[in-house]
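# Descriptive structure summary
For reference, the chains in residue letters:
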Amino acid sequence: MRAIVWLKRDLRVEDNRVFEEAKNYKEIIPVFIFDDQILADLMSYDKRLVYIINAIENIGIKVYTFKGKTLEIFKRLLDELKPDAVITQKAYSWDGEERVKQVKNLCSLYNVKFIEVFDGLLVNPELIPPKKVFTSFYKDWLKYLDLERTDVKVKNIPIIDLKTFDPKELISQLKIDTVYFKPQDCKERLKSFDFKNYEKTRDYPYLDGTSKLSPCIRFGIISIREIFERSKESESFLRELAWREFWYHIKLNFPWTKDLEFQEKRRNIQWENNQKFIDAFLNASTGYPIIDAGIRQLIQEKWIHNRVRMILGSFLTKDLLVDWRIGEEFFKHHLIDYDQLVNIGNWQWIASVGADPNPLRIFNPILQAKRFDPNCEYIKKYIPELKNLPCHQLHDPLTYNLPYHKPIVNHYERVSIVKLKYK
Ligand SMILES: Cc1cc2nc3c(=O)[nH]c(=O)nc-3n(C[C@H](O)[C@H](O)[C@H](O)COP(=O)(O)OP(=O)(O)OC[C@H]3O[C@@H](n4cnc5c(N)ncnc54)[C@H](O)[C@@H]3O)c2cc1C
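Residues numbered from 1 in each chain as written. Predicted model: local features only at pLDDT ≥ 70, side-chain atom pairs only at ≥ 80, totals over all residues. Heavy atoms only, no water.

With that settled, the discussion passes to the nonpolar core. Of all hydrophobic cores here, the largest spans 146 residues; its most connected members are Phe-34 and Ile-87. Among the elements that take part in this core, helix α12 (residues 235-253) stands out by supplying 8 residues, more than any other. When residues no more than four places from it in sequence are discounted, the contact partners of Phe-34 are Leu-39, Leu-49, Ile-52, Ile-53, Ile-56, Thr-65, Phe-66, Lys-67, Gly-68, Phe-165, Pro-167 and Leu-170. (Core = buried A, V, L, I, M, F, W, Y, C linked by side-chain atoms within 4.5 Å. Buried < 20%, exposed > 50% of the residue type's maximum accessible area, 1.4 Å probe, protein only. Helix = DSSP H or I, 4+ residues; strand = E, 2+ residues; numbered from the N terminus. Contact = heavy atoms within 4.5 Å.)

With that settled, the discussion passes to the site of the ligand. Looking at the ligand, there are 27 residues lining it, with Tyr-198, Thr-210, Ser-211, Lys-212 and Asn-306 nearest. Here an oxygen atom of the ligand sits 3.1 Å away from a polar atom, N or O, in the main chain of Asp-339. Within the complex, 97% of the 810 Å² of free accessible area of the ligand lies under protein. Breaking the shell around the ligand down by element, the ones donating at least two residues are α10 (214-218), α12, α15 (306-319) and α17 (340-350). Among the elements that take part in the shell around the ligand, α12 stands out by supplying 6 residues, more than any other. Counted by class, the shell around the ligand contains 15 nonpolar, 6 polar and 6 charged residues. (Near = heavy atom within 4 Å. Polar contact = N/O pair within 3.5 Å; in protein donor to acceptor, adjacent residues only side chain to side chain. Areas by Shrake-Rupley, 256 points an atom, 1.4 Å probe, with all protein chains shown as cover. Nonpolar A, V, L, I, M, F, W, Y, C, P; charged D, E, K, R; others polar.)

Summed over all chains, the structure comprises 2 disulfides. Covalently, Cys-186 is tied to Cys-216 through a disulfide, its sulfur atoms 2.2 Å apart. Its S-S torsion of about -95° marks the bond between Cys-186 and Cys-216 as left-handed, since a negative value means left-handed. In this pair, Cys-186 sits in helix α8 (residues 186-192) while Cys-216 sits in helix α10, placing the two residues 30 residues apart along the sequence. Across a sulfur-sulfur distance of 2.1 Å, Cys-376 and Cys-391 are joined as a disulfide pair. Judged by the sign of its S-S torsion, about 85°, the cystine formed by Cys-376 and Cys-391 is right-handed. Here Cys-376, found in the loop between α18 (365-372) and α19 (377-382), pairs with Cys-391, found in helix α20 (residues 391-395); they are 15 residues apart in sequence, far enough to count as distant. (Disulfide = S-S within 2.5 Å.)

Moving on to the domain arrangement of the chain. Domain parsing of the chain yields domain 1 (1-119), domain 2 (121-148 + 186-253) and domain 3 (264-421). Taking the mean C-alpha position of each, domain 1 and domain 2 sit 25 Å from one another. Listed per partner, the contact involves 18 residues of domain 1 and 22 residues of domain 2. Across the interface of domain 1 and domain 2, roughly 1800 Å² is buried in total on both sides, 51% from carbon and sulfur atoms. Among the residues domain 1 hides against domain 2, the three largest losses belong to Arg-9, Tyr-51 and Tyr-92. Together they make up 37% of the total. Where domain 1 packs against domain 2, one counts 5 salt bridges. A salt bridge links Asp-119 to Arg-225; its shortest N-O distance comes to 2.9 Å. Our count for the contact surface shared by domain 1 and domain 2 stands at 16 residue pairs in polar contact (both at pLDDT 80 or more). Sorting the residues of the side of domain 1 that touches domain 2 by element identifies α3 (47-57) and α5 (94-110) as the ones contributing at least two each. With 4 residues, α3 is the single largest residue contributor to the side of domain 1 that touches domain 2. (Domains from an automatic or database assignment. Buried area = accessible area lost by both parts, 1.4 Å probe. Salt bridge = Lys/Arg side-chain N within 4 Å of Asp/Glu carboxyl O.)

Take the environment of Gly-287 next. The topology assignment puts Gly-287 in the loop between α13 (275-282) and α14 (289-301). In this view, Gly-287 contacts Asp-292, Pro-397, Tyr-404, His-405, Lys-406 and Pro-407; residues no more than four positions away in its chain are not counted.

This paragraph deals with the pairing of strand β3 (residues 64-68). In terms of burial, β3 is largely enclosed, as 4 of its 5 residues are buried. Relative to β3, strand β2 (residues 27-35) is paired through 5 bridges, and the arrangement is parallel. Along β3, the bridge assignment pairs Ile-33 with Phe-66. (Pairing = 2+ DSSP bridges.)

This brings us to the environment of Gln-348. Checked against the element boundaries, Gln-348 lands in helix α17. Here the side chain of Gln-348 touches Thr-257 through a polar contact of 2.9 Å, landing on its backbone oxygen.

Right, let's talk about α14 for a bit. The terminal C-alpha atoms of α14 lie 17 Å apart, and with 13 residues this matches the ideal 18 Å at 1.5 Å per residue to within 8%. Most of α14 is tucked away: 10 of the 13 residues are buried. Listed in full, the buried residues belonging to α14 are Pro-289, Ile-290, Ile-291, Asp-292, Ala-293, Gly-294, Ile-295, Gln-297, Leu-298 and Glu-301. Buried residues along α14 sit in contact with α13, α15, α16 (324-334), α18, α19 and α20. Trailing α14 by a residue or two, Lys-302 shows a phi angle of about 65°, which is positive. (Expected span 1.5 Å × (residues − 1).)

Encoded structure:
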(Lines give C-alpha, C1' and ligand atoms only; values in the text may rest on other atoms or scores of the structure.)
Protein backbone atom coordinates (compact mmCIF):
# COMPACT_ATOMS: atom_id res chain seq x y z
CA MET A 1 0.00 0.00 0.00
CA ARG A 2 1.41 3.34 -1.07
CA ALA A 3 0.29 6.86 -0.20
CA ILE A 4 1.33 10.17 -1.65
CA VAL A 5 1.38 12.81 1.08
CA TRP A 6 0.85 16.16 -0.61
CA LEU A 7 2.40 18.83 1.61
CA LYS A 8 1.11 22.37 1.22
CA ARG A 9 0.80 24.64 4.25
CA ASP A 10 2.14 22.01 6.64
CA LEU A 11 5.88 21.97 6.08
CA ARG A 12 6.78 19.89 9.13
CA VAL A 13 6.81 16.31 10.29
CA GLU A 14 6.10 16.79 14.00
CA ASP A 15 2.42 16.78 14.93
CA ASN A 16 1.36 16.78 11.30
CA ARG A 17 -1.96 15.02 10.85
CA VAL A 18 -1.34 14.04 7.23
CA PHE A 19 1.47 11.77 8.39
CA GLU A 20 -0.76 10.39 11.14
CA GLU A 21 -3.35 9.57 8.46
CA ALA A 22 -0.65 7.93 6.31
CA LYS A 23 0.92 5.86 9.05
CA ASN A 24 -0.63 2.54 8.04
CA TYR A 25 0.59 2.71 4.46
CA LYS A 26 3.64 0.62 3.69
CA GLU A 27 5.19 3.41 1.66
CA ILE A 28 4.76 7.15 2.07
CA ILE A 29 5.86 9.54 -0.65
CA PRO A 30 5.86 13.17 0.53
CA VAL A 31 5.62 15.67 -2.33
CA PHE A 32 5.66 19.43 -2.63
CA ILE A 33 4.73 21.22 -5.84
CA PHE A 34 5.95 24.65 -6.88
CA ASP A 35 2.82 25.51 -8.81
CA ASP A 36 3.41 27.62 -11.93
CA GLN A 37 0.25 29.63 -11.40
CA ILE A 38 1.26 30.61 -7.86
CA LEU A 39 4.79 31.41 -8.99
CA ALA A 40 3.49 33.63 -11.78
CA ASP A 41 1.49 35.55 -9.23
CA LEU A 42 4.54 36.20 -7.08
CA MET A 43 7.27 38.69 -7.90
CA SER A 44 10.90 37.92 -8.64
CA TYR A 45 12.11 39.23 -5.28
CA ASP A 46 9.77 36.98 -3.45
CA LYS A 47 11.08 35.98 -0.06
CA ARG A 48 8.29 33.51 0.49
CA LEU A 49 9.87 31.19 -2.02
CA VAL A 50 13.17 31.24 -0.19
CA TYR A 51 11.28 30.59 3.03
CA ILE A 52 9.49 27.57 1.58
CA ILE A 53 12.66 26.16 0.05
CA ASN A 54 14.43 26.54 3.39
CA ALA A 55 11.54 24.84 5.16
CA ILE A 56 11.63 21.85 2.82
CA GLU A 57 15.40 21.53 3.08
CA ASN A 58 15.17 21.49 6.85
CA ILE A 59 12.09 19.34 7.27
CA GLY A 60 14.13 16.27 8.23
CA ILE A 61 12.71 13.75 5.73
CA LYS A 62 12.99 13.23 1.99
CA VAL A 63 10.44 15.37 0.14
CA TYR A 64 10.03 14.93 -3.61
CA THR A 65 9.74 18.38 -5.15
CA PHE A 66 8.18 19.29 -8.50
CA LYS A 67 7.48 22.39 -10.52
CA GLY A 68 4.69 22.91 -13.02
CA LYS A 69 0.92 22.80 -13.15
CA THR A 70 -0.31 20.91 -10.10
CA LEU A 71 -2.82 18.89 -12.06
CA GLU A 72 -0.31 17.80 -14.70
CA ILE A 73 2.20 16.80 -12.07
CA PHE A 74 -0.40 14.71 -10.33
CA LYS A 75 -1.29 13.00 -13.62
CA ARG A 76 2.36 11.98 -13.91
CA LEU A 77 2.57 10.88 -10.30
CA LEU A 78 -0.56 8.77 -10.49
CA ASP A 79 0.67 7.15 -13.71
CA GLU A 80 4.19 6.48 -12.50
CA LEU A 81 3.70 5.76 -8.81
CA LYS A 82 0.30 4.08 -8.90
CA PRO A 83 -0.52 5.07 -5.32
CA ASP A 84 -3.48 3.74 -3.37
CA ALA A 85 -4.17 7.11 -1.80
CA VAL A 86 -3.35 10.80 -1.90
CA ILE A 87 -3.47 12.44 1.52
CA THR A 88 -3.42 16.18 2.07
CA GLN A 89 -4.47 18.92 4.48
CA LYS A 90 -7.92 20.32 3.83
CA ALA A 91 -7.66 23.63 2.00
CA TYR A 92 -9.90 26.57 2.81
CA SER A 93 -8.61 29.47 0.73
CA TRP A 94 -10.37 30.13 -2.58
CA ASP A 95 -7.35 29.30 -4.71
CA GLY A 96 -6.21 26.38 -2.58
CA GLU A 97 -9.66 24.83 -2.58
CA GLU A 98 -9.81 25.01 -6.37
CA ARG A 99 -6.46 23.23 -6.79
CA VAL A 100 -7.48 20.53 -4.34
CA LYS A 101 -10.79 20.01 -6.13
CA GLN A 102 -9.00 19.41 -9.43
CA VAL A 103 -6.64 16.83 -7.91
CA LYS A 104 -9.53 15.17 -6.10
CA ASN A 105 -11.44 14.77 -9.38
CA LEU A 106 -8.36 13.37 -11.05
CA CYS A 107 -7.92 10.82 -8.25
CA SER A 108 -11.49 9.73 -8.65
CA LEU A 109 -10.86 9.11 -12.40
CA TYR A 110 -7.84 6.99 -11.45
CA ASN A 111 -9.74 5.24 -8.68
CA VAL A 112 -7.27 6.51 -6.10
CA LYS A 113 -8.52 7.37 -2.63
CA PHE A 114 -8.29 11.11 -1.91
CA ILE A 115 -8.14 11.94 1.78
CA GLU A 116 -8.40 15.48 3.13
CA VAL A 117 -7.27 15.91 6.71
CA PHE A 118 -8.33 18.74 9.01
CA ASP A 119 -5.26 20.53 10.36
CA GLY A 120 -3.74 24.02 10.55
CA LEU A 121 -6.57 25.48 12.64
CA LEU A 122 -7.52 25.00 16.28
CA VAL A 123 -11.20 24.75 15.48
CA ASN A 124 -12.83 23.24 12.46
CA PRO A 125 -14.63 26.27 11.00
CA GLU A 126 -17.39 23.99 9.77
CA LEU A 127 -18.45 23.17 13.34
CA ILE A 128 -19.41 26.69 14.38
CA PRO A 129 -22.81 27.96 13.22
CA PRO A 130 -22.41 30.95 10.89
CA LYS A 131 -21.38 34.10 12.75
CA LYS A 132 -20.96 37.60 11.43
CA VAL A 133 -19.33 39.10 14.50
CA PHE A 134 -16.01 38.10 16.04
CA THR A 135 -17.09 38.22 19.72
CA SER A 136 -19.85 35.71 19.20
CA PHE A 137 -17.60 33.52 17.02
CA TYR A 138 -14.94 33.60 19.74
CA LYS A 139 -17.30 32.24 22.42
CA ASP A 140 -18.03 29.18 20.29
CA TRP A 141 -14.44 28.86 19.16
CA LEU A 142 -13.32 28.33 22.78
CA LYS A 143 -15.83 25.48 23.11
CA TYR A 144 -14.68 23.58 20.04
CA LEU A 145 -10.90 23.63 20.46
CA ASP A 146 -9.36 20.55 18.88
CA LEU A 147 -6.01 20.11 20.59
CA GLU A 148 -5.13 16.47 20.04
CA ARG A 149 -1.53 16.13 18.98
CA THR A 150 0.00 13.32 16.95
CA ASP A 151 3.29 11.58 17.43
CA VAL A 152 4.27 9.68 14.30
CA LYS A 153 7.75 8.73 13.21
CA VAL A 154 7.95 8.92 9.42
CA LYS A 155 10.36 6.25 8.28
CA ASN A 156 8.88 4.40 5.34
CA ILE A 157 9.80 6.74 2.48
CA PRO A 158 11.13 4.77 -0.47
CA ILE A 159 13.91 5.99 -2.73
CA ILE A 160 12.31 6.24 -6.14
CA ASP A 161 13.89 7.30 -9.36
CA LEU A 162 11.57 10.19 -10.26
CA LYS A 163 12.16 13.23 -12.43
CA THR A 164 11.93 15.89 -9.76
CA PHE A 165 12.77 19.59 -9.64
CA ASP A 166 15.61 21.07 -7.63
CA PRO A 167 14.18 24.19 -5.92
CA LYS A 168 17.63 25.75 -5.79
CA GLU A 169 17.11 26.53 -9.49
CA LEU A 170 14.42 28.98 -8.40
CA ILE A 171 16.63 30.70 -5.84
CA SER A 172 19.22 31.53 -8.46
CA GLN A 173 16.60 33.58 -10.32
CA LEU A 174 15.73 35.66 -7.29
CA LYS A 175 17.29 38.88 -6.11
CA ILE A 176 17.36 38.25 -2.40
CA ASP A 177 19.21 40.46 0.05
CA THR A 178 18.68 40.22 3.79
CA VAL A 179 16.42 37.45 4.96
CA TYR A 180 14.40 38.52 8.00
CA PHE A 181 12.46 35.30 8.58
CA LYS A 182 13.80 31.76 8.56
CA PRO A 183 11.73 28.65 9.23
CA GLN A 184 14.63 27.28 11.31
CA ASP A 185 14.03 30.11 13.82
CA CYS A 186 10.37 29.28 14.51
CA LYS A 187 10.95 26.85 17.38
CA GLU A 188 13.36 29.14 19.18
CA ARG A 189 11.03 32.12 18.77
CA LEU A 190 8.12 30.12 20.16
CA LYS A 191 10.26 29.08 23.11
CA SER A 192 11.69 32.48 23.91
CA PHE A 193 8.80 34.85 23.16
CA ASP A 194 7.36 36.50 26.26
CA PHE A 195 3.67 35.60 25.98
CA LYS A 196 2.98 36.89 29.50
CA ASN A 197 3.73 40.45 28.48
CA TYR A 198 2.07 40.23 25.07
CA GLU A 199 -1.01 42.16 26.18
CA LYS A 200 1.18 45.11 27.23
CA THR A 201 3.60 45.11 24.30
CA ARG A 202 1.55 43.99 21.31
CA ASP A 203 0.39 47.40 20.13
CA TYR A 204 3.74 49.17 19.88
CA PRO A 205 5.57 48.72 16.57
CA TYR A 206 8.90 49.99 17.92
CA LEU A 207 9.02 47.07 20.41
CA ASP A 208 9.70 43.44 19.62
CA GLY A 209 6.38 42.85 21.31
CA THR A 210 4.48 40.50 19.02
CA SER A 211 5.37 36.89 18.37
CA LYS A 212 6.38 37.27 14.70
CA LEU A 213 5.19 33.69 14.34
CA SER A 214 2.91 34.53 11.41
CA PRO A 215 5.13 32.92 8.73
CA CYS A 216 5.61 29.85 10.96
CA ILE A 217 1.84 29.59 11.24
CA ARG A 218 1.17 30.36 7.58
CA PHE A 219 3.49 27.64 6.33
CA GLY A 220 2.78 25.21 9.16
CA ILE A 221 6.40 25.06 10.31
CA ILE A 222 5.10 24.45 13.83
CA SER A 223 1.75 22.88 14.52
CA ILE A 224 -0.94 25.30 15.63
CA ARG A 225 -1.56 23.02 18.62
CA GLU A 226 2.02 23.40 19.78
CA ILE A 227 1.65 27.18 19.52
CA PHE A 228 -1.56 27.01 21.53
CA GLU A 229 0.10 24.88 24.21
CA ARG A 230 2.92 27.37 24.70
CA SER A 231 0.78 30.52 24.54
CA LYS A 232 -2.46 29.47 26.21
CA GLU A 233 -1.89 31.57 29.33
CA SER A 234 -2.17 34.73 27.27
CA GLU A 235 -5.85 35.32 26.63
CA SER A 236 -5.08 38.20 24.29
CA PHE A 237 -2.77 36.03 22.19
CA LEU A 238 -5.43 33.34 21.92
CA ARG A 239 -7.87 35.96 20.70
CA GLU A 240 -5.44 36.76 17.87
CA LEU A 241 -5.23 33.09 16.91
CA ALA A 242 -9.03 33.10 16.92
CA TRP A 243 -9.11 36.20 14.71
CA ARG A 244 -7.16 34.27 12.12
CA GLU A 245 -9.72 31.48 12.26
CA PHE A 246 -12.60 33.93 12.17
CA TRP A 247 -11.57 34.87 8.63
CA TYR A 248 -11.61 31.18 7.67
CA HIS A 249 -15.08 30.96 9.14
CA ILE A 250 -16.23 34.06 7.22
CA LYS A 251 -14.87 32.68 3.97
CA LEU A 252 -16.60 29.35 4.54
CA ASN A 253 -19.99 30.91 5.20
CA PHE A 254 -19.79 33.94 2.93
CA PRO A 255 -17.66 32.67 0.05
CA TRP A 256 -18.50 35.54 -2.27
CA THR A 257 -16.40 37.91 -0.13
CA LYS A 258 -13.28 37.19 -2.19
CA ASP A 259 -14.13 40.07 -4.50
CA LEU A 260 -17.31 41.43 -3.05
CA GLU A 261 -17.72 43.45 0.13
CA PHE A 262 -19.15 41.50 3.07
CA GLN A 263 -21.49 44.41 3.85
CA GLU A 264 -24.07 44.78 1.11
CA LYS A 265 -24.59 48.48 1.79
CA ARG A 266 -20.89 49.12 1.16
CA ARG A 267 -20.71 47.54 -2.28
CA ASN A 268 -21.10 50.76 -4.18
CA ILE A 269 -18.58 53.09 -2.60
CA GLN A 270 -17.24 55.46 -5.22
CA TRP A 271 -13.50 54.99 -4.71
CA GLU A 272 -11.45 57.85 -6.13
CA ASN A 273 -8.49 55.60 -7.05
CA ASN A 274 -6.41 58.70 -7.80
CA GLN A 275 -3.23 57.37 -9.45
CA LYS A 276 -1.08 60.06 -7.87
CA PHE A 277 -2.24 58.98 -4.41
CA ILE A 278 -1.80 55.31 -5.22
CA ASP A 279 1.77 55.89 -6.43
CA ALA A 280 2.63 57.94 -3.35
CA PHE A 281 1.34 55.16 -1.12
CA LEU A 282 3.14 52.35 -2.95
CA ASN A 283 6.37 54.35 -3.05
CA ALA A 284 6.30 55.41 0.60
CA SER A 285 6.09 59.10 -0.22
CA THR A 286 2.76 60.16 1.30
CA GLY A 287 4.45 62.77 3.51
CA TYR A 288 3.09 61.09 6.66
CA PRO A 289 6.18 59.55 8.29
CA ILE A 290 4.25 56.80 10.12
CA ILE A 291 2.68 55.68 6.81
CA ASP A 292 5.88 55.83 4.81
CA ALA A 293 7.80 53.98 7.56
CA GLY A 294 5.23 51.19 7.39
CA ILE A 295 5.50 50.86 3.61
CA ARG A 296 9.27 50.80 3.83
CA GLN A 297 9.15 48.08 6.47
CA LEU A 298 6.85 46.04 4.24
CA ILE A 299 9.07 46.39 1.20
CA GLN A 300 12.30 45.67 3.07
CA GLU A 301 11.26 43.03 5.57
CA LYS A 302 8.14 41.59 3.93
CA TRP A 303 6.35 41.85 7.25
CA ILE A 304 4.72 44.71 9.14
CA HIS A 305 3.47 45.10 12.66
CA ASN A 306 -0.30 44.67 12.97
CA ARG A 307 -0.89 48.19 14.34
CA VAL A 308 0.88 49.64 11.31
CA ARG A 309 -1.02 47.35 8.92
CA MET A 310 -4.21 48.88 10.34
CA ILE A 311 -2.93 52.45 10.10
CA LEU A 312 -1.89 51.85 6.48
CA GLY A 313 -5.17 50.17 5.58
CA SER A 314 -7.21 52.98 7.06
CA PHE A 315 -5.08 55.64 5.37
CA LEU A 316 -5.32 54.04 1.93
CA THR A 317 -9.05 53.45 2.02
CA LYS A 318 -10.26 56.43 4.07
CA ASP A 319 -7.74 59.26 3.61
CA LEU A 320 -6.94 58.40 0.01
CA LEU A 321 -10.26 56.77 -0.91
CA VAL A 322 -8.49 54.00 -2.78
CA ASP A 323 -10.27 50.69 -3.26
CA TRP A 324 -9.27 48.15 -0.57
CA ARG A 325 -8.57 45.62 -3.34
CA ILE A 326 -5.53 47.66 -4.41
CA GLY A 327 -4.15 47.51 -0.87
CA GLU A 328 -4.91 43.81 -0.65
CA GLU A 329 -2.99 43.17 -3.87
CA PHE A 330 -0.02 45.24 -2.65
CA PHE A 331 0.18 43.30 0.61
CA LYS A 332 -0.24 40.07 -1.33
CA HIS A 333 2.87 40.77 -3.36
CA HIS A 334 4.98 41.51 -0.32
CA LEU A 335 3.84 39.87 2.89
CA ILE A 336 5.85 36.82 3.92
CA ASP A 337 2.82 35.69 5.93
CA TYR A 338 0.35 36.40 3.11
CA ASP A 339 -2.75 34.32 3.60
CA GLN A 340 -5.43 35.00 1.02
CA LEU A 341 -8.47 34.86 3.22
CA VAL A 342 -6.84 36.50 6.25
CA ASN A 343 -5.57 39.35 4.10
CA ILE A 344 -8.91 39.86 2.35
CA GLY A 345 -10.80 39.65 5.67
CA ASN A 346 -8.53 42.20 7.32
CA TRP A 347 -8.55 44.57 4.35
CA GLN A 348 -12.33 44.53 4.24
CA TRP A 349 -12.41 45.06 8.02
CA ILE A 350 -10.08 48.06 7.97
CA ALA A 351 -11.91 49.51 4.95
CA SER A 352 -15.16 49.26 7.01
CA VAL A 353 -16.79 47.11 4.34
CA GLY A 354 -16.23 43.74 6.03
CA ALA A 355 -17.33 41.69 9.02
CA ASP A 356 -17.19 44.41 11.65
CA PRO A 357 -20.06 45.81 13.74
CA ASN A 358 -18.34 49.22 13.97
CA PRO A 359 -19.94 51.30 11.16
CA LEU A 360 -16.89 53.41 10.23
CA ARG A 361 -13.36 53.15 11.56
CA ILE A 362 -11.13 56.07 10.71
CA PHE A 363 -7.62 56.01 12.12
CA ASN A 364 -6.06 59.43 12.53
CA PRO A 365 -2.43 58.90 11.41
CA ILE A 366 -1.24 61.79 13.57
CA LEU A 367 -2.83 60.52 16.78
CA GLN A 368 -1.89 56.93 15.98
CA ALA A 369 1.76 57.92 15.56
CA LYS A 370 1.73 59.88 18.84
CA ARG A 371 0.11 57.08 20.78
CA PHE A 372 1.87 54.02 19.39
CA ASP A 373 5.28 55.43 18.49
CA PRO A 374 5.64 58.15 21.16
CA ASN A 375 9.41 58.57 20.77
CA CYS A 376 9.45 58.05 17.00
CA GLU A 377 11.70 55.02 17.32
CA TYR A 378 9.75 53.16 14.66
CA ILE A 379 9.57 56.14 12.30
CA LYS A 380 13.27 56.92 12.63
CA LYS A 381 14.28 53.30 12.10
CA TYR A 382 12.66 53.23 8.67
CA ILE A 383 13.11 56.88 7.71
CA PRO A 384 16.63 57.54 8.97
CA GLU A 385 16.91 60.74 6.92
CA LEU A 386 14.52 62.34 9.43
CA LYS A 387 16.27 61.10 12.54
CA ASN A 388 17.57 64.47 13.66
CA LEU A 389 14.18 66.16 13.70
CA PRO A 390 12.20 66.53 16.94
CA CYS A 391 9.71 63.71 17.35
CA HIS A 392 6.60 65.91 17.79
CA GLN A 393 7.25 67.30 14.30
CA LEU A 394 7.46 63.82 12.78
CA HIS A 395 4.13 62.93 14.34
CA ASP A 396 2.38 65.88 12.80
CA PRO A 397 3.42 66.68 9.22
CA LEU A 398 0.38 68.94 8.77
CA THR A 399 1.50 71.43 11.41
CA TYR A 400 5.25 71.29 10.76
CA ASN A 401 6.88 71.82 7.43
CA LEU A 402 9.18 68.79 7.29
CA PRO A 403 12.18 68.71 4.90
CA TYR A 404 10.53 65.72 3.30
CA HIS A 405 7.62 64.85 0.98
CA LYS A 406 4.67 67.20 1.51
CA PRO A 407 1.58 65.43 2.88
CA ILE A 408 -0.47 64.35 -0.14
CA VAL A 409 -3.75 64.98 1.67
CA ASN A 410 -4.94 66.79 4.76
CA HIS A 411 -6.35 64.08 7.03
CA TYR A 412 -8.94 66.38 8.60
CA GLU A 413 -10.31 67.55 5.25
CA ARG A 414 -10.49 64.01 3.93
CA VAL A 415 -12.47 62.75 6.93
CA SER A 416 -15.51 64.83 5.99
CA ILE A 417 -15.37 63.55 2.39
CA VAL A 418 -15.08 59.95 3.59
CA LYS A 419 -18.11 60.32 5.84
CA LEU A 420 -20.18 61.36 2.85
CA LYS A 421 -18.90 58.50 0.69
CA TYR A 422 -19.63 55.98 3.42
CA LYS A 423 -23.16 57.22 4.16
C1 LIG B 1 -4.74 45.03 6.39
C2 LIG B 1 -4.22 43.79 7.10
C3 LIG B 1 -3.78 42.70 6.37
C4 LIG B 1 -3.32 41.54 7.01
N5 LIG B 1 -2.89 40.46 6.27
C6 LIG B 1 -2.46 39.33 6.89
C7 LIG B 1 -2.03 38.19 6.14
O8 LIG B 1 -2.05 38.18 4.91
N9 LIG B 1 -1.59 37.11 6.82
C10 LIG B 1 -1.59 37.07 8.20
O11 LIG B 1 -1.16 36.05 8.78
N12 LIG B 1 -2.02 38.11 8.93
C13 LIG B 1 -2.45 39.24 8.32
N14 LIG B 1 -2.88 40.30 9.07
C15 LIG B 1 -3.05 40.12 10.53
C16 LIG B 1 -1.88 40.54 11.42
O17 LIG B 1 -1.45 41.83 11.11
C18 LIG B 1 -0.69 39.58 11.35
O19 LIG B 1 -1.14 38.25 11.53
C20 LIG B 1 0.31 39.88 12.45
O21 LIG B 1 0.78 41.20 12.34
C22 LIG B 1 1.50 38.92 12.33
O23 LIG B 1 2.48 39.25 13.26
P24 LIG B 1 2.71 38.38 14.56
O25 LIG B 1 2.88 36.95 14.20
O26 LIG B 1 3.80 39.02 15.33
O27 LIG B 1 1.33 38.56 15.32
P28 LIG B 1 0.94 38.31 16.83
O29 LIG B 1 0.39 39.59 17.35
O30 LIG B 1 2.01 37.67 17.59
O31 LIG B 1 -0.31 37.33 16.70
C32 LIG B 1 -0.19 35.91 16.72
C33 LIG B 1 -0.84 35.32 15.52
O34 LIG B 1 -2.24 35.57 15.51
C35 LIG B 1 -2.69 35.74 14.17
N36 LIG B 1 -3.23 37.10 14.02
C37 LIG B 1 -2.88 38.20 14.71
N38 LIG B 1 -3.64 39.25 14.33
C39 LIG B 1 -4.47 38.81 13.39
C40 LIG B 1 -5.51 39.41 12.61
N41 LIG B 1 -5.84 40.69 12.72
N42 LIG B 1 -6.15 38.63 11.70
C43 LIG B 1 -5.84 37.35 11.56
N44 LIG B 1 -4.88 36.72 12.27
C45 LIG B 1 -4.21 37.44 13.18
C46 LIG B 1 -1.49 35.54 13.26
O47 LIG B 1 -1.47 34.20 12.85
C48 LIG B 1 -0.34 35.86 14.20
O49 LIG B 1 0.87 35.26 13.82
C50 LIG B 1 -3.33 41.48 8.44
C51 LIG B 1 -3.78 42.59 9.16
C52 LIG B 1 -4.22 43.74 8.51
C53 LIG B 1 -4.72 44.90 9.33
